[in-house]
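Chain by chain, the residues run as shown.
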Amino acid sequence: MSLQNLISGKELSKIILTKIKDQVTKMVGEKPQLVIVQVGNNPASNKYIQHKLRACEYTGIIGTHLVFPETISQVDLEKQIITLNQEEQVHGIIVQLPLPKQIDEQRINEIISVTKDADGFNPATLGKVVLNTSTIFPATPAGIVKLLEWKNIELAGTNVVIIGRSNIVGKPLANMLINKSATVTVCNTKTKNLQEIAAKANILVSAAGSAKLITPKFVNENMTIIDVGANFVDGKYCGDVDFESVQPLVKYITPVPGGVGPMTIACLLENTLTSFKNQQIATKN
Ligand code: NAD
């Protein structure tokens, strides 16, 4: 099977991380610091955090991992975040999802200072993303746009179908692509004729979290597929696309693993570096 049509997030993320490393290495004095807040001990979260810390180590960004008990209250978690907001040496803060039931995730996103919002989930950040005035972008959509631009895939006037309307993937991505003059359709579980809508797309982004959702009937030969899904089937990590049957039929496709996942981490670190620079400019003024 020829794999000429793969878009390698592993390759592009390495390029981005190396550029970050080059900048951080040249810094005299203070270095950017990303704090990763974890609540509990979710095995998938442990793995994602390990990858994020490894990327920090590679770039020279200081990665700090804070773990709080599964039983922490909303008030106590908010207090911890407020403290981090006030610490001058902290430039980026993320709270690893999922959070336990007693924690209001939306409220946590609101509490993280907009100047340290490395994940880009604060409503003020998202508002600026919609208005196209933000310097910080939610990491997964940012990584997707970078992958498309890296491959010189036309966005203006292109029909993009996004499956999934979450606040962290589908909604921000749709707005970022609209701002690049794409024609965007956003689908959800209630969408009628999903297969028919998807099959007409030039770019299909699947962020449903449903293994083998995308079969040959969803695709066409000129299509680029971005597979955001992160699913575990029989202990094996896979995306939303039935890769074996679909990959030979399309123009470009991202693999899982090695596609969107590493790009999310690279963009998270890029956000941390941007926040660091923004904070330095703010201090000087
Ligand atoms: P979510 O559960 O919040 O949202 C899923 C969305 O998909 C919903 O809007 C739902 O309506 C839609 N959907 C689900 N099944 C569908 C179907 N059969 N037909 C049409 N629409 C359907 O998920 P999320 O947080 O956006 O994440 C989506 C997937 O992407 C998950 O697998 C998640 O693990 C993965 N993810 C990966 C990365 C990465 O860096 N690789 C980052 C974020 C999310």
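Criteria and thresholds
- Residues numbered from 1 in each chain as written.
- Predicted model: local features only at pLDDT ≥ 70, side-chain atom pairs only at ≥ 80, totals over all residues.
- Heavy atoms only, no water.
- UniProt positions renumbered as here; feature names shortened; annotations may be inferred.
- Helix = DSSP H or I, 4+ residues; strand = E, 2+ residues; numbered from the N terminus.
- Buried < 20%, exposed > 50% of the residue type's maximum accessible area, 1.4 Å probe, protein only.
- Phe/Tyr/Trp six-rings, centres within 6.5 Å; stacked < 30°, edge-to-face > 60°.
- Lys NZ or Arg CZ within 6 Å of the ring centre and 35° of its normal.
- Disulfide = S-S within 2.5 Å.
- Pairing = 2+ DSSP bridges.
- Axes fitted to C-alpha atoms, helices over the stretch in contact; angles between N-to-C directions.
- Contact = heavy atoms within 4.5 Å.
- Salt bridge = Lys/Arg side-chain N within 4 Å of Asp/Glu carboxyl O.
- Near = heavy atom within 4 Å.
- Polar contact = N/O pair within 3.5 Å; in protein donor to acceptor, adjacent residues only side chain to side chain.
- Areas by Shrake-Rupley, 256 points an atom, 1.4 Å probe, with all protein chains shown as cover.
- Nonpolar A, V, L, I, M, F, W, Y, C, P; charged D, E, K, R; others polar.

- As recorded in an unreviewed UniProt entry, the protein chain goes by Bifunctional protein FolD and comes from Spiroplasma clarkii.
- Annotation of the protein chain in UniProt includes, under Function (unreviewed entry), the sentence "Catalyzes the oxidation of 5,10-methylenetetrahydrofolate to 5,10-methenyltetrahydrofolate and then the hydrolysis of 5,10-methenyltetrahydrofolate to 10-formyltetrahydrofolate."
- According to the UniProt record, the Subunit (unreviewed entry) comment for the protein chain is "Homodimer."

## Here we look at the UniProt feature "domain: Tetrahydrofolate dehydrogenase/cyclohydrolase NAD(P)-binding" (unreviewed entry) in the protein chain
Item 1. Per the UniProt record, "domain: Tetrahydrofolate dehydrogenase/cyclohydrolase NAD(P)-binding" (unreviewed entry) is found at residues 138–279.
Item 2. As a span, residues 138–279 carries 36% helix and 18% strand, and end to end its C-alpha atoms are 19 Å apart.

## A short note on the environment of Asn 132
Item 1. Locating Asn 132 in the fold gives a position in the loop between helix H5 (123–131) and helix H6 (139–150).
Item 2. For Asn 132, a relative accessible area of 46% translates into the label partly exposed.
Item 3. Taking the C-alpha atoms as reference points, Asn 132 and Arg 54, 78 residues apart in sequence, are found 31 Å from one another.

## Considerations on the packing of aromatic side chains
Two measures describe an aromatic ring pair: the distance that separates the ring centres and the angle between the ring planes.
Item 1. For the structure on display, the rule yields 1 aromatic pair.
Item 2. The interplanar angle of 40 degrees and the centroid separation of 5.3 Å between the aromatic rings of Phe 232 and Tyr 237 together place this pair among those described as tilted.
Item 3. Geometry around Trp 150 places Lys 151 over its ring, the cationic atom sitting 4.8 Å from the centre.

## Quick look at the state of the cysteines
Item 1. For the structure on display, the rule yields 0 disulfides.
Item 2. Looking at the unpaired Cys 267, the closest cysteine sulfur is the one in Cys 56, lying at 14 Å.
Item 3. For Cys 267, a relative accessible area of 2% corresponds to the buried category.

## Observations concerning the sheet that holds strand E2 (residues 62–68)
Item 1. One open sheet holds the 3 strands; their spatial order is E2-E1-E3, and the pairing between them is parallel. With one partner strand each, in any of the chains shown, E2 and strand E3 (92–95) form the two edges of the open sheet. Going from strand to strand, the sheet's axes swing by 20 degrees on average, the running direction of each strand aside.
Item 2. Across 4 bridges, strand E1 (residues 33–39) lies against E3 in parallel orientation. Paired with Val 37 across the bridge in E3 is Val 95.
Item 3. Its contacts with the sheet place helix H2 (residues 43–59) against E1, E2 and E3, and it is angled at close to 170 degrees to E1.
Item 4. Running over the sheet, helix H10 (residues 260–284) touches E1 and E3 and is turned about 125 degrees from E1.

## Section: the pattern of salt bridges
Item 1. Tallied over the entire structure, the rule returns 4 salt bridges.
Item 2. When the shortest N-O distance is used, the salt bridge between Lys 146 and Glu 270 registers 2.9 Å. Taken together, the positions of Lys 146 in helix H6 and Glu 270 in helix H10 put the pair 124 residues apart, joining distant regions of the chain.
Item 3. With a shortest N-O distance of 3.5 Å, Asp 242 and Lys 212 are connected by a salt bridge. Linking Asp 242 in the loop between strand E9 (236–238) and helix H9 (243–246) with Lys 212 in the loop between strand E6 (203–206) and strand E7 (224–227), this pair joins segments that are 30 residues apart in sequence.
Item 4. What makes Asp 242 buried here is its relative accessible area of 17%.

## Things to note about the sheet that holds E7
Strand pairing in a sheet takes place through backbone hydrogen bonds and is either antiparallel or parallel in direction.
Item 1. The 5 strands are arranged E5-E4-E6-E7-E10 in an open sheet whose pairing can be described as parallel. Of all strands in the sheet, those bounded by a partner on one side alone are strand E5 (183–187) and strand E10 (252–253).
Item 2. Where strand E4 (residues 159–163) lies against E6, 4 bridges are found, and the strand directions are parallel. Residue pairing for E6: Ile 162 is matched across the bridge by Val 205.
Item 3. Across the sheet, helix H7 (residues 170–178) touches E4, E5 and E6, and the angle it forms with E4 is around 170 degrees.

## A few points about the site of the ligand
Item 1. Within the structure, the ligand sits among 20 residues, and Arg 165, Ser 166, Asn 188, Ala 230 and Thr 264 are positioned closest to it.
Item 2. Here an oxygen atom of the ligand sits 2.9 Å away from a polar atom, N or O, in the main chain of Arg 165.
Item 3. For the ligand, whose unbound accessible area comes to 860 Å², protein coverage reaches 70%.
Item 4. For the shell around the ligand, the per-class residue count stands at 9 nonpolar, 10 polar and 1 charged.

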